[in-house]
Number of protein chains: 2
Amino acid sequence: MVKRNQDMAKLQAGYLFPEINRRKKEFLEKNPDAKIISLGIGNTTKPVTPHIDKALSNAAAGLGTKKGYSGYGNEQGLTELREKIAFKIYNGTVSRDEIFVSDGAKPDIGRLQLLFGNDAVIAVQDPAYPVYIDSSVMYGKTENYNEKTNTFGSIVYLPCTPENNFFPDLSKIRKVDVIFFCSPNNPTGAVATREQLQQLVDYARKNKSIIIFDAAYSEYIQDSNIPKSIYEIDGAKEVAIEVNSFSKSVGFAGVRLGWTVVPNELKFDNGIQVRQDWDRVLTTLFNGASNISQKGALAALDNRGLKEMEETVSYYMENAKIIKATLQELGYEAYGGDNAPYIWARMKTTKSWEAFDQLLQEANIITTPGIGFGQSGEYFLRFSAFGHSEDIKEAIQRLKVHLK
Amino acid sequence: MVKRNQDMAKLQAGYLFPEINRRKKEFLEKNPDAKIISLGIGNTTKPVTPHIDKALSNAAAGLGTKKGYSGYGNEQGLTELREKIAFKIYNGTVSRDEIFVSDGAKPDIGRLQLLFGNDAVIAVQDPAYPVYIDSSVMYGKTENYNEKTNTFGSIVYLPCTPENNFFPDLSKIRKVDVIFFCSPNNPTGAVATREQLQQLVDYARKNKSIIIFDAAYSEYIQDSNIPKSIYEIDGAKEVAIEVNSFSKSVGFAGVRLGWTVVPNELKFDNGIQVRQDWDRVLTTLFNGASNISQKGALAALDNRGLKEMEETVSYYMENAKIIKATLQELGYEAYGGDNAPYIWARMKTTKSWEAFDQLLQEANIITTPGIGFGQSGEYFLRFSAFGHSEDIKEAIQRLKVHLK
């Protein structure tokens, strides 16, 4: 038969979240009456707010009428939506043509790999959302996995830990081609300051690198001094792509909608615009986001929608606040949670998967083991604030009993 | 700056359909009052039928309630939907676990490229849906484009023309690793018989190839002797992946929903199941199809939905019938249209783009130039039956005037 893609063979075990699901399922088979509370995967639980939901259901109903029906649209998204994102999210500092609507940040991160050749050197924060590394592996940009160091050859890991205030010392990093950078960070909940982001942009300008800035949690930033977009930084349009999503801000995790910004100024070494290739990737390998989802996003960006977005964010941020406070009261180092829906807690001397299993067995709480995000995540657990507030309150009570 | 992916640089001009749009736009700028009728891109125009549309709008409305809300689902799709596809489309001959729901056939074709290494030899029908070749190029599986032959080095082209009854002589084809095969065919409208498909499967078994069978138009098959799925052929589960879609059968082109079947029996040369890697591709680089779209698809597969699907197909097939009859009356060789929504007509001695431009300028009708689908498509135009029937009737009148 045909040979397997040898890059797929380099991947390690399963993708993190299916592995968590597997352990959960196994536990539930043995303990069918357990009432599990998930503080694990960042999966939204709050219903879509009324104004935005009305737009979704109107769009769906409209498809049954001659006037409301639409088939294929532009692969890049509705012009009206691109424009609204440019003005409502970016204040007009990026233009409509630089916005590309998609079915989400995760699929876009995969597709972005096509912009770069196999010899591109990739850097990632450590810990990081696993898709940055796994997509780099699948697209042939890495050497084999080294079981001793738990790293892939040729990937540059940038440790982001409490010790360096979750920001790497870029003066010590060799030249790389592509840097994945996420702020507010998944999993640590850390946010990069304006000064830090300026250092990042300056590094990229100096080293002729491209930053892929993952801003999927930008609406969770409460501190007005923290940039919500990389394009608030001078010079960023020449070096950065930004990925974003409606999943967490308005609960579209299942509805599927995101976008990517590729500025006109961003070019390859031969002078060709990166956005030209991105446009070709989308028109050839993507067929546009669902027309229903796009109509929902339009509503999310009008005045009532933006107000509802704030309500949704506040709801989850209230959860984040009490999770963090509880962990700290119990004597654990806990980070994030102030401008992000994740709390990153050091489990003292217990390793990640062990701490995960203990909380599952004893408190029936699902978390995410820090090691799943990279070597620097060992001894940490990520707590997600995306549960129902009543569940979070019960989880807090259980933590107080079991995490003493 | 960073180097461009050299595989992207190999691509020729724009993707076909954006180029058609560009010419249409240019024409409309000069002729703002022209009433253009599109027989071009296979874009559905008939509203979603009532029962299926009700399911879409109910699902959307339900997202506003605690009971009806859902965030991320399984990347592979709702279990209930996978099961329903297995039973309603495949009569239970494939199992639930072999069905992977997606946002459409086009994105799946791109992702399927990740299953094979860069040294995999790809074969395509000529003419063919451009995404098979373009995705192969982008994923590094081809040599440069040869401007003299209009072909990519290392791609094996299988001419499918009236002269060979649109089916290649497989006894003369060298061993290839992956064959893209589409029946009912886009663009020719040809359907492969059971005997022809058995030859295809036998070729793949003998040569240890994998068939990627594109069945996106299978519901348009009217002749009960023609297989709707490659899995109706003995031995196919060991050699074939099947891609399919709700776009054309129930008008979900904009709603976005498709699926891919990867049988348990299909293995790489090292014995590893192909479905294992496909599962990893989807869980890592995809986040599931929209929950709203999936609920619509569930309704499309219950008894009322299946009846509505037949109505939708009949509506477009009536268009196909009159387009084909008209072209034949006018003295053109016309193929397809009996079991497919496309009519493939030879424009006598006029080249494809010239014929396209003439029909645009004179009759204000958009078609698709055959050459856009490959070298064997020169002198042909593809006529799509996906218009409103009243527009098709008017188009017919115009053709009678301008295609004499």
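Residues numbered from 1 in each chain as written. Chains lettered and ligands numbered in written order. Predicted model: local features only at pLDDT ≥ 70, side-chain atom pairs only at ≥ 80, totals over all residues. Heavy atoms only, no water.

**A closer look at the domain arrangement of chain A**
Residues and elements named next belong to chain A.
- For chain A, the domain assignment lists domain 1 (6-47 + 305-402) and domain 2 (52-302).
- The C-alpha centroid of domain 2 is placed 24 Å from the C-alpha centroid of domain 1.
- Each partner contributes residues to the interface: domain 1 has 38 residues there, and domain 2 has 51 residues.
- Taken together, both faces of the contact between domain 1 and domain 2 bury some 3,500 Å²; the carbon and sulfur share is 62%. (Domains from an automatic or database assignment. Contact = heavy atoms within 4.5 Å. Buried area = accessible area lost by both parts, 1.4 Å probe.)

**Thoughts on unusual backbone geometry**
Residue and element names in this part refer to chain A.
- Here the amide bond leading from D126 into P127 is cis, since omega sits at 5°, within 30 degrees of zero.
- Within the element layout of this structure, P127 appears in the loop between β3 (122-126) and α6 (130-138).
- The linkage connecting N186 with the following residue, P187, adopts the cis geometry, with an omega of 20°.
- Considering the arrangement of structural elements, one finds P187 in the loop between β7 (178-182) and α7 (194-207). (Helix = DSSP H or I, 4+ residues; strand = E, 2+ residues; numbered from the N terminus.)

**Remarks on the packing of aromatic side chains**
- According to the stated counting rule, one finds 39 aromatic pairs over all chains in the structure shown.
- Plain terms: the ring middles of F17(A) and F373(A) are 6.5 Å apart, the flat faces sit at 65° to each other, and that makes the pair edge-to-face. Placement of F17(A) in helix α2 (residues 16-30) and of F373(A) in the loop between β14 (368-369) and β15 (380-384) is noted, with a sequence separation of 356 residues between them.
- A residue is classified by how much of its surface remains accessible, and F17(A), at 10% relative accessible area, is buried.
- Aromatic pair Y217(B) and Y342(B): ring centres 5.1 Å apart, planes at 70°, arrangement edge-to-face. Of this pair, Y217(B) sits in the loop between β8 (210-214) and β9 (240-245) while Y342(B) sits in strand β12 (residues 342-346), and the two are 125 residues apart along the sequence.
- Accessibility expressed as a relative area gives 1% for Y342(B), which makes it buried.
- Through pairs of rings, three or more aromatic residues link up here, namely Y217(A), Y220(A), Y315(A), Y316(A), Y342(A) and F386(A).
- Directly above the aromatic system of F100(A) lies the positively charged group of R82(A), at a separation of 5.2 Å from the ring centroid. (Phe/Tyr/Trp six-rings, centres within 6.5 Å; stacked < 30°, edge-to-face > 60°. Buried < 20%, exposed > 50% of the residue type's maximum accessible area, 1.4 Å probe, protein only. Lys NZ or Arg CZ within 6 Å of the ring centre and 35° of its normal.)

**Overview of the environment of T326(B)**
Residues and elements named next belong to chain B.
- With respect to the helices and strands, the residue T326 is situated in helix α10 (residues 303-329).
- Sequence separation between T326 and R174 is 152 residues, and the spatial gap between their C-alpha atoms is 40 Å.
- Those residues within four positions of T326 in sequence are excluded, and the remaining contacts are I396 and K400.
- A distance of 2.7 Å separates the side chain of T326 from the backbone oxygen of I322, its partner in a polar contact. (Polar contact = N/O pair within 3.5 Å; in protein donor to acceptor, adjacent residues only side chain to side chain.)

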